[in-house]
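# A closer look at the structure
One letter stands for each residue in the lines below.
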Amino acid sequence: MTTPDPGDDATPEAGTEPEPEDEGYLSLVRHLYWSQEAGARPQAGTRQVREQMLEFVAKMRTDERAATPLGEPHLAAPTPLRRKVKYAMFRGGRFATRRYDRLLGDAMDLSVALSERVLELEHQVEELQQQVGDLRHGGGDPQ
């Protein structure tokens, strides 16, 4: 059995702690971590958000009536037997989750109504900004 050489770089000496890392390096690592935005979604206008909400409402309404929701990733399995077992277990507890599909659909219906109101308000703001711009540049009567 060999004993490690005290001068060997591979063995740490007792009582020594690793040097603290450079503050600039740590700052860069933090910045890179937070700039990744793994779950970030692209910016969308009010109309796109409204369309996405309408699609979600349609999906929830469809899932509410289905015994097993379409495209449910948790029900996939590598073998047919496991898939059948998962579907059977899902259908056994479906009565409890069906209610939430309906509630999510209802909540999204309200959100769609709000987005439609926001679209109307955006249009009114554009008209008012145009009228103010016309008045500032001597456009005359706003009517």
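Scroll up a little and you will see the structure.
The present account deals with the structure reproduced in this document. (Residues numbered from 1 in each chain as written. Predicted model: local features only at pLDDT ≥ 70, side-chain atom pairs only at ≥ 80, totals over all residues. Heavy atoms only, no water.)

### Brief notes about the pattern of salt bridges
Counted by the stated rule, this structure contains five salt bridges. Salt-bridge contacts for Asp106 lead to Arg61; the nearest nitrogen and oxygen are separated by 2.8 Å. Placement of the pair is Asp106 in helix H3 (residues 80-136) and Arg61 in helix H2 (residues 46-65), with a sequence separation of 45 residues. A relative accessible area of 31% places Asp106 in the partly exposed class. Its salt-bridge partner being Arg117, residue Glu120 comes within 3.0 Å of it at the nearest N-O pair. Placement of the pair is Glu120 and Arg117 together in helix H3, with a separation of three residues, close to one helical turn. (Salt bridge = Lys/Arg side-chain N within 4 Å of Asp/Glu carboxyl O. Helix = DSSP H or I, 4+ residues; strand = E, 2+ residues; numbered from the N terminus. Buried < 20%, exposed > 50% of the residue type's maximum accessible area, 1.4 Å probe, protein only.)

### Description of the side chain of Arg61
Of the residues examined, Arg61 reaches a relative accessible area of 17% and is grouped as buried. Within the structure, Arg61 has its side chain in polar contact with the side chain of Asp106 (distance 2.8 Å). Discounting residues that sit within four places of it in the chain, Arg61 has contacts with Arg102, Gly105, Asp106 and Asp109. (Polar contact = N/O pair within 3.5 Å; in protein donor to acceptor, adjacent residues only side chain to side chain. Contact = heavy atoms within 4.5 Å.)

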